[in-house]
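A look at the structure
Chain by chain, the residues:
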Amino acid sequence: VCLQFIHSDVIGAIRHAICMLARRGFPRISLVITEKSSQPIEDDFYRICSEAPRPIEGEVVRISEDLQEQHLAVKRLAARITGRYALVANSPVPAGLLLMSLMKRGVDVPGQVEVIAINALPVEIRTFPLITHYPYPLERFSKAVCQAAMRYFEQGALPPLRKLIPLQMVAPPR
């Protein structure tokens, strides 16, 4: 049984993002969407870029829905970015992938390049490969946490820490 569902109209969000980026002085903006995007937003994107208060060079970049192919396409996109540049990522393009590829190329984010995600779900703000694949010092981290916990239980006080971590990074949002 086919049920009706609602497509969200992203044109208003794209217009808002372009106007905000134009006010910040970005002369070039790319709209990054998937190849199978069901919404015909390209014409509206170019029209909004042409109507902006400052002249904006707009480009629509279509990438595959496959995560491996997205990674390669975003690496190619990051390789050709020079000067001030803005990217508007429409769901399901992962904004985390764009940010990670840009920073890996040595691009100054958010100074030189800014990424705005539209209709992004938390799962779409992901990185590739996943964080668990990075060479993170898990053993040292877990050892430090265990030592702090042991000291707390034995002495009733935490050891002095060299770096404070904001509570927002460790506590889930409410």
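Computed from a prediction, not measured in an experiment: that's the story for all the values here.

**Concerning a nonpolar patch on the surface**
On the surface, Tyr 152, Phe 153 and Leu 158 cluster together into a nonpolar patch covering about 390 Å² of accessible area. By the secondary structure assignment, Leu 158 is in the loop between helix H5 (138-155) and helix H6 (167-170). Leu 158 sits in the exposed class, given a relative accessible area of 55%.

**Some points on the sheet that holds strand E2 (residues 57-63)**
Taken in spatial order, the four strands make up an open sheet running E2-E1-E3-E4, and their pairing is parallel. Of all strands in the sheet, those bounded by a partner on one side alone are E2 and strand E4 (113-118). The sheet shows a mean angle of 20° between the axes of neighbouring strands, direction not considered. In the sheet, strand E1 (residues 28-34) pairs with E2 via seven bridges, with the strands oriented parallel. Its bridge partner lying in E2, Ser 30 is registered against Glu 59.

**Observations concerning the packing of aromatic side chains**
Per the counting criterion, the structure on display carries two aromatic pairs. Above the plane of the ring of Phe 26 lies Arg 84, whose end atom (NZ or CZ) is 4.0 Å from the centre.

**Topic: the packing of helix H3 (residues 67-79) against helix H4 (residues 95-104)**
Two elements in contact, H3 and H4, have axes whose closest approach is 9 Å; the angle formed by their N-to-C orientations is 45°. Classified by the angle their axes make, H3 and H4 are oblique. You can see that H3 and H4 cross each other, and the crossing is right-handed. Taking contact as the criterion, the partners of Gln 70, His 71, Val 74, Lys 75, Leu 77 and Ala 78 in H3 are, on H4, Leu 97, Leu 98, Ser 101 and Leu 102. Here the contact of H3 with H4 is composed, by residue class, of six nonpolar, three polar and one charged.

Rules used in this analysis
Residues numbered from 1 in each chain as written. Predicted model: local features only at pLDDT ≥ 70, side-chain atom pairs only at ≥ 80, totals over all residues. Heavy atoms only, no water. Patch = residues over 30% accessible without salt bridge, like charges linked within 9 Å, V, L, I, M, F, W, Y side chains within 5 Å. Areas by Shrake-Rupley, 256 points an atom, 1.4 Å probe, with all protein chains shown as cover. Salt bridge = Lys/Arg side-chain N within 4 Å of Asp/Glu carboxyl O. Helix = DSSP H or I, 4+ residues; strand = E, 2+ residues; numbered from the N terminus. Buried < 20%, exposed > 50% of the residue type's maximum accessible area, 1.4 Å probe, protein only. Pairing = 2+ DSSP bridges. Axes fitted to C-alpha atoms, helices over the stretch in contact; angles between N-to-C directions. Phe/Tyr/Trp six-rings, centres within 6.5 Å; stacked < 30°, edge-to-face > 60°. Lys NZ or Arg CZ within 6 Å of the ring centre and 35° of its normal. Parallel < 35°, antiparallel > 145°, perpendicular 65-115°, else oblique. Left-handed = near helix turned anticlockwise from the far one by under 90°. Contact = heavy atoms within 4.5 Å. Nonpolar A, V, L, I, M, F, W, Y, C, P; charged D, E, K, R; others polar.

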